[in-house]
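What follows is each chain in one-letter form.
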Amino acid sequence: MKRIIAILVVAAGLLVLAPVAAQAAPTFPYPVLRRGGESGPNVLILQHLLRGQRDMWVKAIPADGVYGKRTEEFVKAYQGLVGLPQDGVAGAHTWTRLIADNTLRRGDRGEEVRALQWGLVKNGHLIREQVDGAFETDTARELKRFQRFTGISIDGIVGVQTWRALITWGNND
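**Examining the overall build of the protein chain**
- Secondary structure summary: the protein chain contains 8 helices and 0 strands in total.
- Across the 173 residues that make up the protein chain, the buried fraction comes to 43%.
- Once local pairs closer than 6 in sequence are excluded, the contacts in the protein chain between residues at least 24 apart make up 54%.
- If you sum the accessible surface of the protein chain, you get close to 9,500 Å²; carbon and sulfur atoms cover 55% of it.

Take a look at the structure:
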């Protein structure tokens, strides 16, 4: 009996000491954003991801964090471009398509990097004054901290798993 208890104590200790990164990161549903009162960091992430889709969209889509008429129009336009139903609602299918081919690494610049940075702001890893569209030292360091915190592989690369965590974790206001 003492031997069984000793084995259980050792096993419990190993579970407690297991590295966070080895655990599977939980997944949460994507937020469903639509016109009519939606605002906040997830809308900013959406707006910057949309602005990154086409050069001409950068100035046409507001990056104000408010899901208004212009944002809805461009969500519909994007949905049409990628073969999704054009309902103007940014739900799971729209988010999945927006992040599918948006792998980011240190040295990248642009609207997608701003989306990454707003995700880090939302999750308490950057402050809004650091959103500059440049994936440099501060962004890289805070991204790795975020990956560690969420149990994602700590590689400093923003792929689908990291995008999903940035969008679905934290304060969604």
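After presenting the structure, the write-up continues.
**A short note on the side chain of Gln147**
- Mapped onto the secondary structure, Gln147 falls in helix α7 (residues 137-150).
- Residues in contact with Gln147, not counting those within four places in the same chain, are Ile152, Ser153, Ile154, Asp155, Gly156, Ile157 and Thr162.

**Description of the packing of helix α2 (residues 41-51) against helix α5 (residues 92-100)**
- Running from N to C, α2 and α5 cross one another at 50°; their axes reach a closest spacing of 10 Å. For the element pair α2 / α5, the angle class is oblique. Considering the relative orientation of α2 and α5, their crossing is left-handed. When α2 is examined against α5, the residues Asn42, Ile45, Leu46, Leu49 and Leu50 are found in contact with a partner set consisting of Trp95, Leu98 and Ile99.
- Among the residues forming the contact of α2 with α5, the class breakdown is 7 nonpolar, 1 polar and no charged.

**A short note on helix α6 (residues 111-122)**
- Taking 1.5 Å as the rise per residue, α6 with 12 residues should run 16 Å; its terminal C-alpha atoms sit 16 Å apart, in good agreement.
- Within α6, 11 of the 12 residues are buried, which leaves it mostly tucked inside the rest of the structure.
- Glu111, Glu112, Val113, Ala115, Leu116, Gln117, Trp118, Gly119, Leu120, Val121 and Lys122 are the residues of α6 that are buried.
- Summarising the contacts, the buried residues of α6 are in contact with α2, α3 (57-60), α7 and α8 (160-168).
- Residue Gly124 follows α6 closely and has a positive phi angle near 80°.

**A look at the nonpolar core**
- In terms of nonpolar packing, the biggest core is built from 40 residues, with Leu46, Trp95, Leu116 and Trp163 touching the most fellow members.
- Those elements that provide at least two residues to this core are α2, α4 (69-81), α5, α6, α7 and α8.
- In this structure, Trp163 is in contact with Leu49, Ile99, Asn102, Leu104, Glu112, Ala115, Leu116 and Val158, ignoring residues within four places of it in sequence.

**Re the confidence of the model for the protein chain**
- When pLDDT is averaged along the protein chain, the result is 87; 83% of the residues meet or exceed 70.
- Between residues 4-24, whose pLDDT stays under 50, and residues either more than four places distant or in other chains, the model counts 6 contacts.

**Quick word on the pattern of salt bridges**
- Applying the stated criterion to the full structure yields 8 salt bridges.
- Residues Glu136 and Arg109 are paired through a salt bridge, measuring 3.6 Å at the closest nitrogen-oxygen approach. Remark: Arg109 occurs in the loop between α5 and α6 and Glu136 occurs in the loop between α6 and α7; sequence separation between them is 27 residues.
- On the accessibility criterion, Glu136 (32% relative accessible area) is partly exposed.
- In this structure, the salt-bridge partner of Arg114 is Glu111, at a minimum N-O distance of 3.7 Å. Here the residue Arg114 and the residue Glu111 both occupy positions in helix α6, the gap between them amounting to 3 residues, near one helical turn.
- Assessed through its relative accessible area of 10%, Glu111 is described here as buried.

**Focus: the packing of aromatic side chains**
- Tallied over the full model, the rule gives 3 aromatic pairs.
- The interplanar angle of 70° and the centroid separation of 5.7 Å between the aromatic rings of Phe149 and Trp169 together place this pair among those described as edge-to-face. One end of the pair, Phe149, is in helix α7; the other, Trp169, is in the segment after α8, with 20 residues separating them in the sequence.
- What makes Trp169 buried here is its relative accessible area of 15%.
- Above the ring of Tyr30, the side-chain terminus of Arg164 is found at 4.5 Å from the ring centroid.

Calculation criteria
- Residues numbered from 1 in each chain as written.
- Predicted model: local features only at pLDDT ≥ 70, side-chain atom pairs only at ≥ 80, totals over all residues.
- Heavy atoms only, no water.
- Helix = DSSP H or I, 4+ residues; strand = E, 2+ residues; numbered from the N terminus.
- Buried < 20%, exposed > 50% of the residue type's maximum accessible area, 1.4 Å probe, protein only.
- Contact = heavy atoms within 4.5 Å.
- Areas by Shrake-Rupley, 256 points an atom, 1.4 Å probe, with all protein chains shown as cover.
- Axes fitted to C-alpha atoms, helices over the stretch in contact; angles between N-to-C directions.
- Parallel < 35°, antiparallel > 145°, perpendicular 65-115°, else oblique.
- Left-handed = near helix turned anticlockwise from the far one by under 90°.
- Nonpolar A, V, L, I, M, F, W, Y, C, P; charged D, E, K, R; others polar.
- Expected span 1.5 Å × (residues − 1).
- Core = buried A, V, L, I, M, F, W, Y, C linked by side-chain atoms within 4.5 Å.
- pLDDT = per-residue confidence, 0-100.
- Salt bridge = Lys/Arg side-chain N within 4 Å of Asp/Glu carboxyl O.
- Phe/Tyr/Trp six-rings, centres within 6.5 Å; stacked < 30°, edge-to-face > 60°.
- Lys NZ or Arg CZ within 6 Å of the ring centre and 35° of its normal.

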